[in-house]
Amino acid sequence: MAGSVITFYSYKGGVGRSFALTNVGTLLARWGFKVLCIDFDLEAPGLAQFFGSVPQTPDAAEWLLEAPGLVEMVEAFKGDPWIPLDWQSYVRRLDAPGLGGIALMKAGRTDATYHRRLQQLSWPSLYQAGLGSQLERMFDELREEFDYVLIDARTGVTDFSGIITAQLPDVLAFLFTANEQSLDGSMHVARRAAEARNGLALDRSRLLLLPIPARFETQVEHRIALLWRERFVSELAEFYAGWAGPNDFIPKLVQATTIPYVPYWSFGERLSVVEDESSDPLGINFTLETLAALLAHRLGQTGLLLDSRDDFVAAAKRLARHGGAARRSVFLSYDHANTFAAEGLREALEKRGTPVFMDRHDIPSGAHFEAKLDAAIEASDHMLVLVGDRTRERRGQTADIRKFLRQAASDVRPRFVVPVLLEGTPPSAIPDVLRQYRTIELGIDFDGAARELAELLQPRLAETPFKVKRKCYLSFSYIHDLWRVQQIRNMGSVETQPILGHGSWETVRRGGDAAIAELIAENMRSKECLVVLVGAETTRRKWATYEIERAWREGLGVLAIHVHKLRDREGRQTRKGADPFEGLLVDGSPVVGRVYDPPFDDSRTVYEHIRKNIEGWISEAVAARQ
Ligand SMILES: Nc1ncnc2c1ncn2[C@@H]1O[C@H](COP(=O)(O)OP(=O)(O)O)[C@@H](O)[C@H]1O
Ligand SMILES: [Mg+2]
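For clarity, every value in this text was computed on a predicted model and none was experimentally measured.

Secondary structure assignment for the protein chain yields 25 helices and 19 strands. For 626 residues, the compact-globule estimate of 2.2 N^0.38 gives 25 Å, and the protein chain sits close to it at 27 Å. Structurally, the protein chain occupies a C-alpha span of about 80 × 70 × 55 Å along its principal axes. Looking at the 626 residues of the protein chain, the share that counts as buried comes to 54%. A separation threshold of at least 6 residues defines the contact pool for the protein chain, and within that pool the share at least 24 residues apart is 76%. Carbon and sulfur atoms make up 50% of the accessible area of the protein chain, which totals about 27,700 Å². Once the 76 positive and 84 negative side-chain charges of the protein chain are each reduced to a mean point, those two points are 3 Å apart.

Pasting the structure below:
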């Protein structure tokens, strides 16, 4: 997956831009992303000072002080404009503890001649000589090499900054303090960048804008702080459009992304996330973590952020460890009575290139077993559960499965759990939590089973960086079509309401109609489109009708897709259901929604057809209501 470029911009200096960038970058690197920071604030470079505040090896300390950087790279270009920028010579990975191996490109060798040399660079003529396209090529290479490239952008509004604020980044994060000039200046530049980007003939997707209120004082002047916060909310609304979700999310997002002023960190350039490992809600690291997680989620999952900020951060960390990995790993859950079968399956899977976690191989004796196991569950993409006669009685195993399912529900990457039924074990042995999942059977043909599993677990994530997913509410019949619905969710191009497990659903149902209606309202609140997944029994069901009516009243786009030809966990297709919109009136007028019936019979072809078209269908349905 190609990496992303995030520009941190501020109109004025001293707002904490370099502080935010270096700390957020360090968190992302520690979570497992490959991160590069580039100091493009050539007039007032600061990144090297922040990284220099933690104990470095003598070699790295010297590099931070003396090494050349961007300015020298540009000087080299000036000498030989046709030679590709040799960025590797100016980038170094920092291996000091706590930095996660973050890499840096300095602004330059800040010796006595630095400012004079900087002034001698005439940016317009460098551009004439082709520096712009050389930089573009460099960033294409950086995207290959890194998951995140964070640019500390120079202040001031020059022609040169256009490439850094508008042309190159996926996200323009702009910081400002509670101050007229700072806010107005930043908003002006952000607006210009967005306009410039839309005017550029690039096939790169839209520029996303992330406002970050910084150095925000709440401890002393409570009342004035509130007024400023309200002002941020009303003036910044336009920048949240397109990624934040519904308008009533904005005040909460502003709050969640405001970096507080903490006097302790105002002395010198220091990394708060390294010096202070804690992250309590009142401290500065709390917001820095939220910001890092927001980037890791590619500004998605805002619903989850506002629901549970901690789950949001935890899910971001899991993404980091595995987001870019081509090989999907599995956690093998088994009972020690079935070690023989577990070993056979593990060997067959590893032969096919799938890394398998198995406690007796992967936890060294003497290690803290529980902690290692938890870490492995988090890190694994999928879980296989070997089901034998006694599995239902194994408390520990059931707890592991629940842990995995809870995480999978809030993760963006597809994570599957597959019950693997041992030969001669009746399906009734499958623990209740796993009832709804497609099962495979394991005989003595371990290779055959591994092949079947590999197919089932294939990653189907649409891996386009920073493409905003459409936010959809799925309407469907839980008991009849859950497996079909999960296939649609795993296509990865839509963000949906969380699908409750059987147990949680029962809990809601016990609350009666009011509780169900409330859950539907809550889940629909942040959505732009209702997608009815029509199986044999969907249409005319009480809650399906309720959902359509509600979505229609709320102004959501509506559409329906016939999914009866997708196979369920038993491999069965079903019969075609009725048109859910036919004859449906809301306040006297008809509900108008398109109904798609993929013109194929084979489950796989139907799946591909929906995968290719669903985004287009949704866009059309949403546009029809505007
Ligand atoms: N939220 C904050 N609370 C307290 N001090 C901060 C905060 N953000 C930044 N600082 C401090 O303010 C100074 C300037 O920050 P810096 O990030 O270098 O500014 P900029 O890059 O915007 O010019 C640094 O000493 C930094 O540690
Ligand atoms: Mg700075």
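Alright, that's what it looks like, and here's the rest.
On to the packing of aromatic side chains. Note on aromatic pairs: each is described by the distance of the centres and the angle between the planes. For the structure on display, the rule yields 13 aromatic pairs. Ring centres of Tyr-240 and Trp-243 lie 5.5 Å apart, and the angle between their planes is 45 degrees; this geometry places the pair in the tilted category. Judged by its relative accessible area of 1%, Trp-243 is buried. Residues Phe-340 and Phe-446 carry aromatic rings whose centres are separated by 6.4 Å and whose planes lie at 65 degrees to one another, so their mutual orientation is edge-to-face. Taken together, the positions of Phe-340 in helix H16 (residues 339-351) and Phe-446 in helix H20 (residues 446-456) put the pair 106 residues apart, joining distant regions of the chain. Connected via pairs of aromatic rings, a cluster forms that spans Phe-174, Phe-176, Phe-216, Trp-228, Phe-232 and Phe-239. The ring centre of Tyr-264 lies 4.9 Å from the NZ or CZ of Arg-270, which sits over that ring.

The environment of ligand 1 is made up of 17 residues, and the closest members are Gly-14, Phe-19, Arg-215, Pro-260 and Gly-268. Gly-16 is positioned with one of its backbone polar atoms (N or O) 3.0 Å from an oxygen atom of ligand 1. Residue Gly-268 places a main-chain N or O atom 2.8 Å away from an oxygen atom belonging to ligand 1. Out of a free accessible area of 560 Å², ligand 1 has 88% covered by protein chains. With 3 residues, helix H1 (residues 17-31) is the single largest residue contributor to the shell around ligand 1.

The next thing to look at is the side chain of Lys-471. Inspection of the secondary structure puts Lys-471 in strand S13 (residues 470-475). Relative accessible area serves as the criterion here: at 8%, Lys-471 is assigned to the buried category. Excluding residues that lie within four positions of it along the chain, Lys-471 makes contacts with Trp-243, Gly-245, Thr-302, Glu-495, Ser-526, Lys-527, Glu-528 and Cys-529.

Our next topic: the side chain of Thr-302. In this structure, Thr-302 sits in helix H14 (residues 302-307). If sequence neighbours within four positions are ignored, Thr-302 has contacts with Trp-243, Ala-244, Gly-245, Phe-249, Leu-253, Lys-471 and Glu-495.

This next bit is on the environment of Arg-117. As for its placement among the helices and strands, Arg-117 is situated in helix H5 (residues 114-120). At a separation of 3.3 Å, a polar atom in the side chain of Arg-117 contacts the side chain of Glu-75.

Taken together, 7 strands build an open sheet; the order of strands is S3-S4-S2-S5-S1-S6-S7 and the sheet is mixed. Either end of the sheet is taken by a strand with one partner, and the two such strands are strand S3 (91-93) and strand S7 (208-213). Between one strand axis and the next, the sheet turns by 20 degrees as a mean value, whatever way the strands run. Seen against the sheet, helix H13 (residues 284-296) touches strand S1 (4-10), strand S5 (148-153) and S7 and runs at an angle of roughly 175 degrees to S7.

Rules and cut-offs
Residues numbered from 1 in each chain as written. Chains lettered and ligands numbered in written order. Predicted model: local features only at pLDDT ≥ 70, side-chain atom pairs only at ≥ 80, totals over all residues. Heavy atoms only, no water. Helix = DSSP H or I, 4+ residues; strand = E, 2+ residues; numbered from the N terminus. Rg over C-alpha atoms; globule rule 2.2 N^0.38 Å. Buried < 20%, exposed > 50% of the residue type's maximum accessible area, 1.4 Å probe, protein only. Contact = heavy atoms within 4.5 Å. Areas by Shrake-Rupley, 256 points an atom, 1.4 Å probe, with all protein chains shown as cover. Lys, Arg positive; Asp, Glu negative; His and termini not counted. Charge placed at Lys NZ, Arg CZ, Asp CG, Glu CD. Phe/Tyr/Trp six-rings, centres within 6.5 Å; stacked < 30°, edge-to-face > 60°. Lys NZ or Arg CZ within 6 Å of the ring centre and 35° of its normal. Near = heavy atom within 4 Å. Polar contact = N/O pair within 3.5 Å; in protein donor to acceptor, adjacent residues only side chain to side chain. Pairing = 2+ DSSP bridges. Axes fitted to C-alpha atoms, helices over the stretch in contact; angles between N-to-C directions.

Any link to function would need more than the numbers given here.
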